[in-house]
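As a plain string of letters, each chain reads:
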Amino acid sequence: MRKYIYSVFVFFCTSFLLAQEKEMSISMQEAIDYAIKNNYSNKIASKNIEAAKERKWETTTIGLPQIDGKVDYQNWLKQQVSLLPGEIAGGTPGSFVPVRFGTQQTMNASVTLRQLLFDGSYLVGLQSAKTYLKISEQAKEKTILTTREAVINAYGNVLITEETISILEKNRKVLQKNLNETQKIYDNGLTELENVEQLQITLGNVENNLNNAKRMKEIAYQMLNISLGSSIEKKLVLTDSLNSLVVTNTDLDLLSKVFDVKKHIDFKMVENDRESKRLLMKLEQSKALPSLSAFVNYGANANSNDFNFFSGDQKWFDYSLLGVTLNVPIFSSFGRKSKTARARIELENADIKKEEVKQKLRLQAKSAKSEYQLSIENYDTAKKNLALAERIEKKQQIKFFEGISSSFDLLQAQNQLYSQQNNYVQSMLNVIAKKAKLENALNIPIK
């Protein structure tokens with residue numbers, strides 16, 4: 001019996017520990033840090049950087065010594081016949097004698113060293129590889145900033161959904177109480193059926209909204225898990241509250257922060273794009289330059305009628321060759337000229353795009369500051385309006401049960417309260433979301 005109790009105790013303890021492992025308590029900042037390491041897009045961006053480094057080295061090796069080994073083996077299944085004039089072998093002039101030259105089997109082994117001495121396109125390729133690596137690194141930085149904003153919005157949506165459920169449950173409780181009391185009053189013949197029915201309609205609407213909010217809560221958690229890079233079934237416990245996040249995300253100093261467009265990641269990326277277009281034009285120009293390469297090889301060949309090439313008696317004949325190749329482009333029917341001209345046009349377009357992005361980023365920063373300031377003002381207003389709506393609704397309840405006001409007046413007060421509750425909750429999320437948007441617009445780095 002004691003053994004059985006011990007086994008049950010161990011089972012429940014193990015189950016509890018496993019449940020604890022599956023559950024993750026996380027603050028918003030912890031969620032951001034976790035997503036930067038585990039988010040799917042960030043993982044891909046990191047892999048792209050690794051690929052860019054490999055590509056850079058791949059390009060570099062083109063100008064480094066290249067060594068190739070080669071082994072050729074030939075076996076004449078039916079050896080080729082050559083015809084010699086008959087008089088050479090003492091035959092009749094004008095006749096031919098069929099003969100076979102060489103052995104039936106041959107083997108040749110060689111090693112060749114090649115070295116590129118000069119090629120304009122190779123030099124441009126090295127610069128392009130560095131630019132490509134820079135593009136991948138900047139894409140990772142952009143992905144991190146995007147991830148931060150996505151996690152903040154997803155985290156805030158979960159809190160909004162939970163707060164909405166809490167408000168709706170409170171509203172339902174109050175409505176149910178009011179309906180029960182009104183039903184009793186009606187049963188005693190002291191009020192009209194319309195008042196009961198009006199409360200039933202309002203209660204039904206609140207219950208529908210509550211059920212929908214509960215469904216949305218599950219989806220909100222799953223969206224947060226996706227932004228974190230976790231399984232959608234991962235159990236999350238959010239340690240930050242809406243109120244605390246509104247306080248920490250209210251930073252008026254951001255509104256006076258000077259915006260430096262040249263430090264913005266989008267501007268850096270468009271500059272890099274412009275550099276890639278410049279290198280493309282340079283590459284087309286370099287194709288008009290000559291290229292120079294050299295090689296040296298060493299090899300040996302052997303001949304035999306039987307396959308005894310690895311025998312100690314087999315004779316191998318060494319050979320070696322040194323060569324230099326100069327390739328000079330002379331005339332391409334103006335094809336290179338057209339390619340260079342097209343590359344120059346693309347470079348000019350990149351300059352236009354760069355100026356466009358510069359102006360858009362400045363406007364984006366101003367707009368984000370304005371939206372953030374408005375979100376703070378709306379939050380303050382929504383907070384005051386909610387307190388007023390709660391007092392008005394409470395007074396209308398008292399008047400309704402005292403018979404001074406109608407159910408229609410109470411309905412208006414309730415709808416106004418529900419609207420202000422929604423505005424208040426949404427204003428809290430806006431403060432958090434607009435700050436995240438402003439941080440991205442100002443290119444504020446991750447803490």
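Residues numbered from 1 in each chain as written. Predicted model: local features only at pLDDT ≥ 70, side-chain atom pairs only at ≥ 80, totals over all residues. Heavy atoms only, no water.

*Asks:* How do you make sense of the sheet that holds strand β5 (residues 105-118) when you look at a structure like this?
*Replies:* Sheet strands line up and pair through hydrogen bonds in the backbone, either parallel or antiparallel. Read from one edge to the other, the open sheet built from four strands follows the order β2-β5-β7-β8, with strand pairing classed as antiparallel. Taken across any chain shown, the strands that pair with only one partner, and hence form the sheet edges, are β2 (66-75) and β8 (317-327). Neighbour-to-neighbour, the strand axes of this sheet turn through a mean angle of 20 degrees, independent of strand direction. The sheet contact formed by β2 and β5 spans 10 bridges and is antiparallel. Across the sheet, N75 pairs through a bridge with Q105, a residue of β5. (Pairing = 2+ DSSP bridges. Helix = DSSP H or I, 4+ residues; strand = E, 2+ residues; numbered from the N terminus. Axes fitted to C-alpha atoms, helices over the stretch in contact; angles between N-to-C directions.)

*Asks:* Help me understand a positive patch on the surface in this model?
*Replies:* Among the surface-exposed residues, R172, K214, K217 and K235 lie close enough to one another that they form a single positively charged patch. Locating K235 in the fold gives a position in strand β6 (residues 235-238). (Patch = residues over 30% accessible without salt bridge, like charges linked within 9 Å, V, L, I, M, F, W, Y side chains within 5 Å. Areas by Shrake-Rupley, 256 points an atom, 1.4 Å probe, with all protein chains shown as cover. Salt bridge = Lys/Arg side-chain N within 4 Å of Asp/Glu carboxyl O. Lys, Arg positive; Asp, Glu negative; His and termini not counted. Charge placed at Lys NZ, Arg CZ, Asp CG, Glu CD.)

*Asks:* I'm lost on the layout of surface pockets in this one. Help?
*Replies:* Its boundaries defined by the atoms lining it, the largest pocket holds a volume of some 610 Å³. Lining the largest pocket we find 28 residues, and of these T164, L168, N209, A213 and N422 sit closest to its centre. Counting only elements with at least two residues in the lining of the largest pocket, the list comes to α4 (120-187), α5 (193-228) and α9 (407-441). It is α5 that contributes the most residues to the lining of the largest pocket, 12 residues altogether. Partitioned by chemical class, the residues of the lining of the largest pocket number 15 nonpolar, 13 polar and no charged. (1 Å grid on protein atoms, 1.4 Å probe; cavity = no way out; pocket = protein on both sides within 12 Å on 5 of 7 lines; lining within 4 Å. Points joined across faces, edges and corners; volume = space filled by probe spheres on them. Nonpolar A, V, L, I, M, F, W, Y, C, P; charged D, E, K, R; others polar.)

*Asks:* When you look at the environment of H264 in this model, what are you seeing that I'm missing?
*Replies:* Counting through the fold element by element, H264 comes out in the loop between α6 (242-248) and α7 (265-286). In this structure H264 comes out as buried when scored by relative accessible area, which is 1%. Along the chain, H264 and I444 lie 180 residues apart, while their C-alpha atoms are 8.7 Å from each other. Contacts of H264, omitting those with residues within four sequence positions, involve F259, L361, Q364, N440, A441, L442 and N443. (Buried < 20%, exposed > 50% of the residue type's maximum accessible area, 1.4 Å probe, protein only. Contact = heavy atoms within 4.5 Å.)

*Asks:* Hey, could you run me through the pattern of salt bridges in this one?
*Replies:* A side chain with one charge may pair with a side chain of the opposite charge, provided their charged atoms come close. Scanning the model with the defined rule gives 14 salt bridges in all. R114 serves as the salt-bridge partner of D68, at 2.8 Å between the closest nitrogen and oxygen. In this pair, D68 sits in strand β2 while R114 sits in strand β5, placing the two residues 46 residues apart along the sequence. With a relative accessible area of 41%, R114 lands in the partly exposed category. As a salt-bridge pair, K277 and D273 come within 3.0 Å of each other at their nearest N and O atoms. Taken together, the residues K277 and D273, both in helix α7 and four residues apart, mark about one turn of the helix. Using a relative accessible area of 22% as the deciding quantity, one classes K277 as partly exposed.

*Asks:* Just checking my understanding: could you explain helix α2 (residues 28-38) for this structure?
*Replies:* Residues separated by three or four positions in an α-helix point in the same direction, a consequence of the helix having 3.6 residues per turn. Of all the positions in α2, only M28, A31, I32, A35 and I36 are classed as buried. Along the axis of α2, the buried residues cluster in a sector spanning 135 degrees; they form a single face. Taken together, the buried residues of α2 touch β1 (23-26), α3 (40-60), α4, α5, α6 and α9. (Arc of directions from axis to C-beta.)

*Asks:* Would you take a moment to explain the pairing of strand β7 (residues 291-304) for this structure?
*Replies:* Looking down a regular strand, the side chains alternate between one sheet face and the other. Pairing between β5 and β7: 13 bridges, direction antiparallel. When the bridges of β7 are listed, V111 appears paired with Y298. Alignment of β7 against β8, held across 11 bridges, turns out to be antiparallel. Bridge pairing in β8 links N301 to F317.

*Asks:* Please clarify how the nonpolar core should be interpreted in this entry.
*Replies:* Across soluble globular proteins, nonpolar side chains show a tendency to be buried alongside one another. Residues Y155, L224, L228 and L238 are the most contacted members of the largest nonpolar core, which totals 65 residues. At 13 residues, α4 tops the list of elements feeding residues into this core. Beyond its immediate sequence surroundings of up to four residues, L224 is in contact with V151, A154, Y155, V158, L236 and L238. (Core = buried A, V, L, I, M, F, W, Y, C linked by side-chain atoms within 4.5 Å.)

*Asks:* Mind showing me how you'd approach α4 here?
*Replies:* An ideal rise of 1.5 Å per residue puts 100 Å on 68 residues; α4 measures up with 98 Å between its terminal C-alpha atoms. The first or second residue beyond α4 is G189, which carries a positive phi of 75 degrees. (Expected span 1.5 Å × (residues − 1).)

*Asks:* Before we go on, may I ask you to explain the packing of α4 against α7 in this structure?
*Replies:* Two packed helices can be described by the angle between their axes and the distance between those axes. Orientation of α4 relative to α7, taken along the N-to-C sense of each, is 165 degrees, at an axis distance of 9 Å. Classified by the angle between their axes, α4 and α7 sit roughly antiparallel to one another. Both α4 and α7 take part in a crossing whose hand is left-handed. Class assignment for the residues of the contact of α4 with α7 results in eight nonpolar, nine polar and seven charged. (Parallel < 35°, antiparallel > 145°, perpendicular 65-115°, else oblique. Left-handed = near helix turned anticlockwise from the far one by under 90°.)

*Asks:* Help me out: how do you make sense of a nonpolar patch on the surface in this one?
*Replies:* The grouping of I67, V111, L113, V296 and L322 at the surface amounts to a nonpolar patch, some 460 Å² of accessible area in total. Tracing the backbone through its elements, the reader meets L113 in strand β5. For L113, a relative accessible area of 35% gives the class partly exposed.

*Asks:* Help me out: how do you make sense of the packing of aromatic side chains in this one?
*Replies:* Think of a pair of aromatic rings as described by two things: how far the centres are apart, and how the planes are tilted against each other in angle. Scanning all chains against the criterion turns up eight aromatic pairs. Measuring from centroid to centroid gives 5.7 Å for F331 and F334, while their planes differ by 85 degrees, and the two rings are edge-to-face. Residue F331 is classed as exposed on the basis of its relative accessible area of 59%. For F334, a relative accessible area of 54% gives the class exposed. Ring geometry for Y379 and Y424: centres 5.9 Å apart, planes at 25 degrees, overall stacked. Here Y379 is found in helix α8 (residues 335-401), whereas its partner Y424 is found in helix α9, with 45 residues between them in sequence. In this pair, the class of Y379 matches that of Y424, namely buried. Here the aromatic cluster, defined as three or more aromatic residues joined through ring pairs, consists of Y73, F307, F309, F310 and W316. (Phe/Tyr/Trp six-rings, centres within 6.5 Å; stacked < 30°, edge-to-face > 60°.)

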